[in-house]
Amino acid sequence: MGSSGINAEYMGSSGINAEYMGSSGINAEYMGSSGINAEYMGRQGLKFEDMILAQGTLRPDLIESASTIANKGGTADVIKTHHNDTALVRQLRAQGRVVEPLCDYHKDEVRQLGKELGLPEHLVMRQPFPGPGLAIRILCANEPFVTDNDDAIVAKLRGFETEARKACLLPFRTVGVQGDARTYSHCVGLSTDGEPNWRELLDVAKEIPKACHGVNRIIYLHGKPVSGKLTTITKTTCTPDVIKQLQVADYAVNQILYKYNLTQKLAQCPIVLTPVDFGVEGARAICIRTFITNDFMTGVPAEVGTEYFPTAAWDEVVAAVLDVEGIVRVGFDLTAKPPGTTEWE
């Protein structure tokens, strides 16, 4: 930017991030970018009224946040509050102080635009990374997620079990989109005695949310079968040690994606840290969310054993993630969008 005559200064704000992201509140993620940046600028003595915010907002962000830019009538429900469409950003927009040249485009259109502009392939085809960073891929919780409907859900889950396949209600919630509205509901883990039949698991994952309306995400759990309902977690907030745990796992998985040339076959592959401890005090679990889509409005998970995610790649992911200190279980997201969103938060 300096060569273009722009006097740019990099300002680190990880300390302020920690202040906000130490919260386990449902919507803490949206403060991970624009809100924090504004406060940080204020602490640097820069006047709020002199700021101009430049950001890479895309059309799906505005649709999911129910922005009036994408929904002129203001009738849409909020599916997900994006960090680039918060109340602060909307205030700045109204004052004409937001620059977002890509806000009319979907991600596939942005890639096409990048190619036409002659940008390097590795930049054009890189996987999207959330504005607030890995923090939104940490499912924060101070206590297990429990509802009055849990026993009824567990009873229905038994109908999806076989001698070799088990289903378990997990004690945390994730974001979903069901009926064009945002949901915060249970995640269910499927596990098998022996090698999984991935096609069968994907089929079952489609049916469970239809039968269990308190569920919006289904994952496969590597390891011994687990049935019923888990009730314990490790308290998890976005503290430096927790973030480091996810960073290590994220790096390990991404090296495997590069090794097998999967970063372009998969539209996105979030690595998610969950608070469930599987009975091991202080432990957590990691789940990978392979996602295949063109526009990110709808999509499907990859099937292990296909070109989109070879079995050898999955085996290496499991081994690498279980090497991360404090991680006791590895999951694979089986959920389409809808009912699950691309990211878990």
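Structure: see above.
Read on for an overview of the structure. In this text, all values refer to a predicted model and were calculated from it rather than measured experimentally. (Residues numbered from 1 in each chain as written. Predicted model: local features only at pLDDT ≥ 70, side-chain atom pairs only at ≥ 80, totals over all residues. Heavy atoms only, no water.)

### Regarding the nonpolar core
As a reminder of what qualifies: Nonpolar cores are built from buried Ala, Val, Leu, Ile, Met, Phe, Trp, Tyr and Cys residues. Side-chain atoms within 4.5 Å join them into one set. Here the term buried applies to any residue with accessible area under 20% of the maximum for its type, exposed to any over 50%, and partly exposed to those in between, with areas from a 1.4 Å probe on protein chains only. By definition, residues are in contact when any of their heavy atoms lie within 4.5 Å.
Among the nonpolar cores identified, the biggest contains 48 residues, and Val188, Leu190, Ile208, Phe309, Trp314, Phe332 and Leu334 are the most heavily contacted of them. Excluding residues within four positions of it along the chain, Trp314 makes contact with Trp198, Tyr220, His222, Ile288, Val304, Phe309, Val330, Gly331 and Phe332. Formed by 15 residues, the second largest nonpolar core is a distinct cluster that contains Leu170, Phe172, Ala285 and Trp344.

### Some points on helix H10 (residues 311-322)
Formally: The numbering of helices and of strands both runs from the N terminus, where a helix is a DSSP run of H or I of at least 4 residues and a strand a run of E of at least 2. Multiplying 1.5 Å by the residue count of a helix minus one yields the expected span of that helix.
Given a rise of 1.5 Å per residue, 12 residues ought to cover 16 Å, and the 17 Å separating the end C-alpha atoms of H10 matches this to within 8%. Those residues of H10 hidden inside the fold are in contact with helix H8 (198-211), strand E5 (215-221), helix H9 (240-259), strand E8 (284-288) and strand E9 (327-333).

### Brief notes about the environment of Val253
Here Val253 lies in helix H9. For Val253, a relative accessible area of 0% translates into the label buried. In the structure, Val253 is positioned 68 residues away from Val321 in sequence and 7.4 Å away in space, judged by C-alpha atoms. Not counting residues up to four positions away in its chain, the partners in contact with Val253 are Ile271, Ile288, Val317 and Val321.

### Overview of the pairing of E9
What counts, and what does not: Whether two strands pair depends on DSSP finding at least two bridges between them. Assignment of crossover handedness uses the view with strands pointing away from the viewer, where a clockwise path from the first strand over the helix to the second indicates a right-handed crossover.
In terms of residue burial, E9 counts as a mostly covered element, since six of its seven residues are buried. When E5 meets E9, the two strands line up antiparallel, connected through three bridges. Residue pairing in the sheet places Tyr220 in a bridge with Phe332 of E9. Here E8 runs beside E9; their pairing, made up of five bridges, is parallel. In the strand pairing of E9, Arg284 is matched with Ile327. Running through H10, the crossover from E8 to the neighbouring parallel element E9 is right-handed.

Any functional reading would require information that these geometric values do not contain.
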